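The residues making up each chain are set out below.
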Amino acid sequence: MMGAARPAELDCELFGEGFFGQPANAVTSLAFVAVGLGVLASGRLRQRQRTVYGLLIVTTGAGSVIFHGPAPEWSGVVHDLPLVALIAFVAADAASDLAGRRLTDAWWLVPSVAAVAVSAIGEPVRLAAQATLATAAVGLSVLRWQARPQHRRTIVRALLVLGTGALIGTLSRSGGPLCHPDSLFQGHAVWHVMAASAVGLLTPVIGRVGSRASRLAPGR
């Protein structure tokens, strides 16, 4: 793979020899694994939702390690599929709360598969598909914040951490003002840690479905 195009080249950090091709980006991907295991071990959610959410976070981290580490040709798929599934799951969970009923798994499974499938067309389409899902997840979370005052602090904290991490990650992409390929400080690595922290912070809200009546009640 040395000298050839590698999947994570746009994430600034230089690739080196060994399993951890991009050391900072690969190692910080483990933050998702740690957070996901913490979610699985927690008792704050109903068992099924906790399990699905936690597994998606863990597999997102594992896929990211492969993507930024050994980076085989198929690493793009194992990176993107759990990531878009996690984003779609958060969107569907917020939609369930807003609807006042638990929506079926198809609401996050179908968009996930579709986003990965269309990614094969090219990098612009891949990024557009992920951005669309991310926009839906954030937008629905904002609506959830508006409808559920009891969850506002949790949602705001998660969105602030996520937004800050996204800004740093964007400015640190290859060619960006914060990109220093051979530096120990990598903005994309910071994004990993902050994104993992954000999904962890959102944990108390996941799986909570209120009634439509309470959502529409005066003063709510």
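As shown above, the structure is provided for reference.
Fair warning: this is a prediction, and the values are worked out from it, not measured in the lab.

A. The overall build of the protein, seen in detail. Within the protein, the regular secondary structure consists of nine helices and zero strands. At 18 Å, the protein has a C-alpha radius of gyration in line with the 17 Å of a compact globule built from 220 residues. By its C-alpha atoms, the protein is 60 × 30 × 30 Å across when sized along the principal axes. Buried positions account for 44% of the 220 residues belonging to the protein. Partitioning the intrachain contacts of the protein with sequence separation of at least 6 by distance along the chain shows that 69% fall at a separation of at least 24. Total accessible area computed for the protein in this model is approximately 10700 Å², and 70% of it derives from carbon and sulfur atoms. Taken together, the 18 basic and 11 acidic charged side chains of the protein have centroids lying 23 Å from each other.

B. Expanded view of the state of the cysteines. Following the criterion strictly, the structure yields one disulfide and no others. Covalently, Cys12 is tied to Cys179 through a disulfide, its sulfur atoms 2.1 Å apart. Taking the torsion about the sulfur-sulfur bond, which here is approximately 95°, the covalent link between Cys12 and Cys179 counts as right-handed. Of this pair, Cys12 sits in the segment before α1 (23–28) while Cys179 sits in the loop between α7 (152–171) and α8 (187–201), placing them 167 residues apart in sequence. In this structure Cys12 comes out as buried when scored by relative accessible area, which is 6%. Relative accessible area serves as the criterion here: at 13%, Cys179 is assigned to the buried category.

C. Here's a closer look at the nonpolar core. Counting 29 residues, the largest nonpolar core has Tyr53, Leu56, Ile57, Phe89, Trp108 and Leu202 as its most contacted members. Those elements giving two or more residues to this core turn out to be α2 (30–41), α3 (47–68), α4 (75–99), α5 (106–119), α6 (123–147), α7 and α8. A per-element tally of this core places α4 first, with 10 residues. Discounting residues that sit within four places of it in the chain, Phe89 has contacts with Gln49, Val52, Tyr53, Leu56, Trp108 and Ile206.

Reading guide: rules and limits
- Counting restarts for each chain: residues are numbered from 1 in the order of the written sequence.
- For this predicted model, a pLDDT threshold of at least 70 governs which residues receive local features, and a threshold of 80 or more governs which side-chain atom pairs are given and counted, while totals over whole chains, interfaces and linings are taken from all residues.
- As a rule here, side-chain values cover all heavy atoms of the structure and leave hydrogens and water aside.
- Only DSSP runs of H or I reaching four residues or more are called helices, and only runs of E reaching two or more are called strands; each is numbered from the N terminus.
- Atoms counted for the radius of gyration: C-alpha only. Globule rule: 2.2 Å times the number of residues to the power 0.38.
- We call a residue buried when its accessible area falls under 20% of the maximum for its residue type, exposed when it is over 50%, and partly exposed in between, using a 1.4 Å probe and counting protein chains only.
- The contact criterion used throughout is that any non-hydrogen atoms of two residues lie within 4.5 Å.
- With residues, only the protein chains shown are counted as cover, and all accessible areas are computed by Shrake-Rupley using a 1.4 Å probe.
- Here Asp and Glu are counted as negative and Lys and Arg as positive; His is not counted, and neither are the chain ends.
- The location of each charge is read from NZ of Lys, CZ of Arg, CG of Asp or CD of Glu.
- Disulfides are defined as pairs of cysteine sulfur atoms found within 2.5 Å of each other.
- Definition of nonpolar core: a set of buried residues of the types Ala, Val, Leu, Ile, Met, Phe, Trp, Tyr and Cys, connected through side-chain atoms within 4.5 Å.

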